[in-house]
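Here is how the chains run, residue by residue.
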Amino acid sequence: MANSASVQSAPVSLFKNKFYQTILISNIFLQIGIWVRNFAILMFVTDQTNSDPLAISLISVVEFAPIFVFSFIGGAFADRWRPKRTMIWCDFLSAVSVFAVLLTLLYGSWESVYLATFVSAILSQFSQPSVMKLFKQHVHPDKVQQGMALFQSLIAIFMVMGPSLGIFAYHQFGIHLSIGVMGVAFLLSALVLFRLPADEEEHNTSKEKKGSSILQELRDGFRYVWQSPILKVLGVAFAIAGFAIGTIQTLGLFLVTERLGQDKEFLQYLLMVNGVAMLIGGGVIMTLSRKIRPQILLAFGTAVSAICIIGMGWSNSISLTLFLQFLNGLTFPCIQIGINTLILQSTEQSYVGRVNGVLSPMFMGMMVIMMSLAGVMKKLFPLVGIYSMAGIVMLVGAIILIPIFKYKPAATLDSSHGAAAPQIH
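Residues numbered from 1 in each chain as written. Predicted model: local features only at pLDDT ≥ 70, side-chain atom pairs only at ≥ 80, totals over all residues. Heavy atoms only, no water.

### Some thoughts on the pattern of salt bridges
Applying the stated rule across the entire model yields 1 salt bridge. The salt bridge involving Lys 378 is made with Glu 258; its shortest N-O contact spans 2.8 Å. On the criterion of sequence distance, the pair formed by Lys 378 in helix 14 (residues 352–380) and Glu 258 in helix 10 (residues 252–259) is long-range, its members being 120 residues apart. (Salt bridge = Lys/Arg side-chain N within 4 Å of Asp/Glu carboxyl O. Helix = DSSP H or I, 4+ residues; strand = E, 2+ residues; numbered from the N terminus.)

See the structure below:
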């Protein structure tokens, strides 16, 4: 099979890999569009509604709700459709929706800005699994973890620069030009993706796909995860991480004002420290990626994150809180890289989209639920207790990963599926 042969060939430098070059450049344009979208729209809605909490919170709803609702469907269709074509169309349609919103803003209601976030969030659920699928085809297994580390570093760079980029665009150019920048960024991403290698025919799954419905493929995806000892544990870990992160996601402001006695503006320094640390952590993991198994990387990152969450909840010291935030950011790439690498190593190519579609909502669903309950919890319980509970839950997530430490990817790929079949050593 073509893709199996290409993956098994001798590994080359990631930067010489045309697929990886293209995905990296495309992702830079996407990150520009996403961060300008997030913060320009946030500033615009804040000005339009005089800082109405409901209107501002609705931005998060239209951003996260599609991830939870459409992830299942997007993963199934990503396994059916050709990934290159899917990604190009998703970016192109995102650009079209943004320009449509711009026209509506010029001649209609300002509330249409929510649509830009909503549509691009939906389309990303079809595009993201396709990226994972192409990773499986075009990146050698020995390079997957390193490739994920570099991607995490890129995201960390934009976590540091992105908010300033979005706010600068809005204050300097206004909402209309900011939305224009979003549309152009998504369009450039779509154009860059034409450099990707042509989609490969998956002869081994074509008969299965023709004879099955989307509902059947969704059921197959759930069954596949349930029957895999690694993916099943990973799903539980996903839900636990979503529970813990969602609990504290919206309470950082109270950490700054109540525990540290600082103004709310101090929160930006915590976020900047976290972003810089993530950038450093991603770089470190790139150099160590071939020496550490992804499940150990994941468990280590989760355990350190748990300790940092508990420590930040108890800390009254600015320097200690900043140190713990830095340490948390430094090890957070271990979680992201470990998860993505495990999914790719433990999943047959024909199931990558559906597995991603099953696991992602476990994290996102729990995170959204706990984000919505965090305000109520804050009224009922002290901040120290909430952070301690979140940290303990996160620690449980690290402990349940111990049984899969014994699994290693096979040295050779499954010839019929192009997948690294997990083995016990």
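From this point, the discussion proceeds with the structure in view.
### A closer look at the packing of helix 12 (residues 294–314) against helix 13 (residues 318–346)
Between helix 12 and helix 13, whose axes approach to 7 Å, the crossing angle comes to 150°. Judged on the interaxial angle alone, helix 13 and helix 12 are roughly antiparallel. The handedness of the crossing between helix 12 and helix 13 is left-handed. Classifying every residue of the contact of helix 12 with helix 13 by side-chain character gives 14 nonpolar, 12 polar and no charged. (Axes fitted to C-alpha atoms, helices over the stretch in contact; angles between N-to-C directions. Parallel < 35°, antiparallel > 145°, perpendicular 65-115°, else oblique. Left-handed = near helix turned anticlockwise from the far one by under 90°. Nonpolar A, V, L, I, M, F, W, Y, C, P; charged D, E, K, R; others polar.)

### Quick notes on helix 14
Here helix 14 spans 42 Å end to end across 29 residues, near enough to the 42 Å set by a 1.5 Å rise per residue. The largest bend in helix 14 is about 40°, located at Ala 374. (Expected span 1.5 Å × (residues − 1). Bend = angle between axes of the 7 residues up to and from the residue.)

### Some thoughts on the packing of aromatic side chains
Enumeration according to the criterion identifies 5 aromatic pairs in this entry. Taken together, a centroid distance of 5.9 Å and an interplanar angle of 20° make the contact between Trp 81 and Phe 126 stacked. Of this pair, Trp 81 sits in the loop between helix 3 (53–80) and helix 4 (83–107) while Phe 126 sits in helix 5 (residues 113–138); the two residues are 45 residues apart in sequence, bridging distant segments of the chain. What makes Phe 126 buried here is its relative accessible area of 11%. Each ring, one from Trp 110 and one from Tyr 114, has its centre 6.3 Å from the other, and the planes form 45°; the classification is tilted. With a relative accessible area of 11%, Tyr 114 lands in the buried category. These aromatic residues form a ring-pair network of at least three members: Phe 44, Trp 110 and Tyr 114. (Phe/Tyr/Trp six-rings, centres within 6.5 Å; stacked < 30°, edge-to-face > 60°. Buried < 20%, exposed > 50% of the residue type's maximum accessible area, 1.4 Å probe, protein only.)

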